[in-house]
Amino acid sequence: MAVYRSFRNRLRIGPIEVGTYRDGRGREMHAAACTAPRCGFSADYPDRSAAELAARTHRCKA
C-alpha cells in the first residue's frame, strides 16, 4: 500500500526537489529527490539542512 505524503515548503535546487512532510508517527521529516529521468535518487532526512546539503552535492549519473 502506497503512502500519501503531502509536501510543503518545497525548494528546487537544480534537478533536486526538497520538501517537508509529516511521517506516520507525526514527526517532521525532509525529503530530497532527483527529478531527472532515470536517476532514481531520493532520501529522507530528519534535518532540513541535511536534505539541502544532499541536494547541493548530488551528481546525476543520468
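Scroll up a little and you will see the structure.
Residue indices begin from 1 for each chain and proceed along its sequence in written order. Per-residue local features of the predicted model are confined to residues with pLDDT of at least 70, and side-chain atom pairs are confined, for both listing and counting, to 80 or more; whole-chain, interface and lining totals are unaffected and use all residues. To get the side-chain values, take all heavy atoms of the structure and skip hydrogens and water.

Q: Before we move on, can you summarise unusual backbone geometry with the specific residues and values?
A: Of note in this structure, N9 is not a glycine but carries a positive phi near 50 degrees. The topology assignment puts N9 in strand β1 (residues 8-13). In this description a helix means any DSSP run of H or I spanning at least four residues, a strand means any run of E spanning at least two, and both kinds are numbered starting from the N terminus.

Q: Tell me about the sheet that holds strand β4 (residues 42-45), and please be specific about residues and values.
A: The criterion for strand pairing is that DSSP finds at least two bridges linking the strands in question. Strand order in this open sheet of four strands is β1-β2-β3-β4, and the pairing throughout is antiparallel. Sheet topology places β1 and β4 at the edges, where each strand pairs with a single neighbour. Strand-to-strand twist of the sheet, defined as the mean angle between neighbouring strand axes without regard to direction, takes the value 20 degrees. In this structure, strand β2 (residues 16-22) lies alongside strand β3 (residues 28-34), joined through seven bridges in antiparallel fashion. Paired with Y21 across the strands is M29, a residue of β3. Every axis in this analysis is a line fitted to C-alpha atoms, fitted for helices over the stretch in contact. Angles between the N-to-C directions lie between 0 and 180 degrees.

Q: Got a sec to walk through the packing of aromatic side chains? Specific residues and values, please.
A: We describe a pair of aromatic rings using the distance from one ring centre to the other and the angle between the two ring planes. Side-chain rings of Phe, Tyr and Trp (the six-membered ring for Trp) are treated as a pair once their centres are within 6.5 Å; stacked means planes under 30 degrees apart, edge-to-face means over 60, and tilted covers the remaining angles. A complete count under the given rule lists one aromatic pair for this structure. Their ring planes at 70 degrees and their centres at 5.5 Å tell us that F7 and Y21 sit as a pair that is edge-to-face. Taken together, the residues span a long stretch of sequence, with F7 in the segment before β1 and Y21 in strand β2 at a distance of 14 residues. Since its relative accessible area comes to 39%, F7 is described here as partly exposed. The exposure class of Y21 is buried, given its relative accessible area of 2%. Partly exposed residues are those whose accessible area sits between 20% and 50% of the maximum for their type, while under 20% is buried and over 50% is exposed, using a 1.4 Å probe and protein chains only.

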